[in-house]
Amino acid sequence: MNEHDSEKMSALLENVGFTQVSAAEAADVVVINTCSIREKAEHKVYSALGKLKSLKKKNPAVITVVAGCVAQQEKENLLHRAPHLDLVLGTHSIAQLPNLVEQVGQSRRQLESTAFAGDVESLHMNAPLKGKNQICSYVTIMQGCSNFCTYCVVPFTRGPEQSRKLDEIVDEVRDLVKRGIKEITLLGQNVNAYGKDLNNGTLFNDLLKELNGIPELSRIRFTTSHPRDFNDNMAAAMADLKSVCEHIHLPLQSGSDRILAAMNRGYASLEYMDKLQRLRERIPNVAVTTDIIVGFPGETQADFEDTQRALQIIRFDQIFSFKFSRRPGTAAREFPDQVPEEIKTERLSAVHRIQDEITLQHHKNAEGAIEEVLIEGIKNGNGQPFGRTRTNKIVNIEGSERIREGDLLKVRIVRGLKHSLLGSLIN
Ligand code: SAM
Ligand code: SF4
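Nothing here was measured: the structure is a model prediction, and the numbers come from that model.

### Describing helix α2 (residues 39–58)
The end-to-end C-alpha distance of α2, which contains 20 residues, comes to 30 Å, matching closely the 28 Å that a straight helix rising 1.5 Å per residue would cover. Looking at α2, one finds that the buried residues are A41, E42, V45, Y46, A48, L49, L52, L55 and K56. Burial along α2 is one-sided: seen end-on, the buried residues are contained in an arc of 165 degrees. Turned more than 90 degrees away from the buried face of α2, the exposed residues are K40, K44, K51, K53, K57 and K58. Tucked inside the fold, the buried residues of α2 contact β1 (29–34), β2 (63–68), α3 (69–74) and α4 (77–81).

Here it is in structure tokens:
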């Protein structure tokens, strides 16, 4: 979501005549887009702010901007903390970036724009992407989140859940397809809840069906699904709609029901496994990825063993795992029994060890299979084409000069490696 926000910001600036430069020293405007999901990400912002200070010293005319979730969270505090900062741009103010930059340029006064917009369309999410030869594109279908998982800062930094109108999304996708986009990833914090707030009967499946009807669009992905709202209808849509890829990112977070309840996730681990089982019955080759948090407050060794067991039972294709981080404003920040850092570190390593073996095994199992690969690029160093399978696995392809970006090819998987697959073109 942040990456896509950065794309929107650069497109908006390009639209008013700016061009991208490769070094901050050469820029008239520097925008730092930020993430505050974990403390570590927030710390990076403060070290980046330090760099901006020296930049501003060398070139006092440069306009410095901090955007994104840390901007939203800290608001004008950032301006006090960093007098060399010109603009704090909240998550709902992206569309105003060009205007605000101009205002700062004229007034040379610090500005802050962090109010939440009342209506989702005013966020102008379909800023045109200019000039790039893109194959894949993100498409925002909803903004914000109203779930309030007890660890998570997103409802505070991105505001309440709001779905965009179906027609606007479909128009945006048609436009992208006209410009050569072959694959889209629909973005939302809980895409399975898409449409519920529109109160007109439109739901996520309706959106998927509509997009599946666009003939030149080869692949539809979406992220993130919430296990509580994922249901059989969704599984059926994934199985029936030919452009919808056989991959789901379904964050489990923990294998312990006690911890899941304390996280306010709204499901138990067996319920999760049951939903997944039914999806796997419909789509046997479906790839499943997840997010895991270790060291949530009160997580005992027994709770952690439940998580380890869940990983062994479910055998995810890939996981993203994190140490619990105390975030401002969230309930879990104040929970008793915070887990010591050393235990979090040990648990994270244990999760990595389990998953690395499982991921490698999945990749080895793919050897010999024939996969459809969408070519996303050609490596600069060795000219090797690479792309992804429908199940979202990266495939590097043994050289062929004939391959071009955007090609949709049949590839035989010859080797399963730790992080990727090696494939050869079927003639
Ligand atoms: N909306 C998605 C969902 O509910 O599954 C997740 C969005 S969040 C940006 C991505 C992941 O970051 C979460 O699934 C969670 O595992 C992790 N995360 C969020 N807050 C965290 C925190 N305070 N500490 C550690 N990890 C966190
Ligand atoms: Fe955060 Fe939970 Fe919303 Fe996901 S569903 S963004 S984890 S509050």
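### Some points on the sheet that holds strand β10 (residues 247–249)
An order of β10-β11-β12 is seen for the three strands of this open sheet, with the pairing classed as parallel. The open sheet has two free edges, formed respectively by β10 and β12 (318–323), since each of these has just one partner strand. Strand-to-strand twist across the sheet, computed as the mean angle between neighbouring axes with direction ignored, equals 10 degrees. Summarising the sheet, strand β11 (residues 287–294) and β12 pair through six bridges and their orientation is parallel. In the sheet register, I293 faces β12, and the bridge partner there is F322.

### Focus on the environment of N59
Along the chain, N59 turns up in the loop between α2 and β2. Sequence separation between N59 and D28 is 31 residues, and the spatial gap between their C-alpha atoms is 9.0 Å.

### Quick look at the sheet that holds strand β14 (residues 385–389)
If you walk around this closed barrel you meet the five strands as β13-β14-β15-β17-β16, and the pairing is mixed. Sheet twist, expressed as the mean angle between neighbouring strand axes with direction ignored, is 50 degrees. One ladder, built from five bridges, connects strand β16 (residues 408–416) with strand β17 (residues 421–425); its direction is antiparallel. The residue of β17 that forms the bridge with I413 is G423.

About the criteria used
Residues numbered from 1 in each chain as written. Chains lettered and ligands numbered in written order. Predicted model: local features only at pLDDT ≥ 70, side-chain atom pairs only at ≥ 80, totals over all residues. Heavy atoms only, no water. Helix = DSSP H or I, 4+ residues; strand = E, 2+ residues; numbered from the N terminus. Expected span 1.5 Å × (residues − 1). Buried < 20%, exposed > 50% of the residue type's maximum accessible area, 1.4 Å probe, protein only. Arc of directions from axis to C-beta. Contact = heavy atoms within 4.5 Å. Pairing = 2+ DSSP bridges. Axes fitted to C-alpha atoms, helices over the stretch in contact; angles between N-to-C directions.

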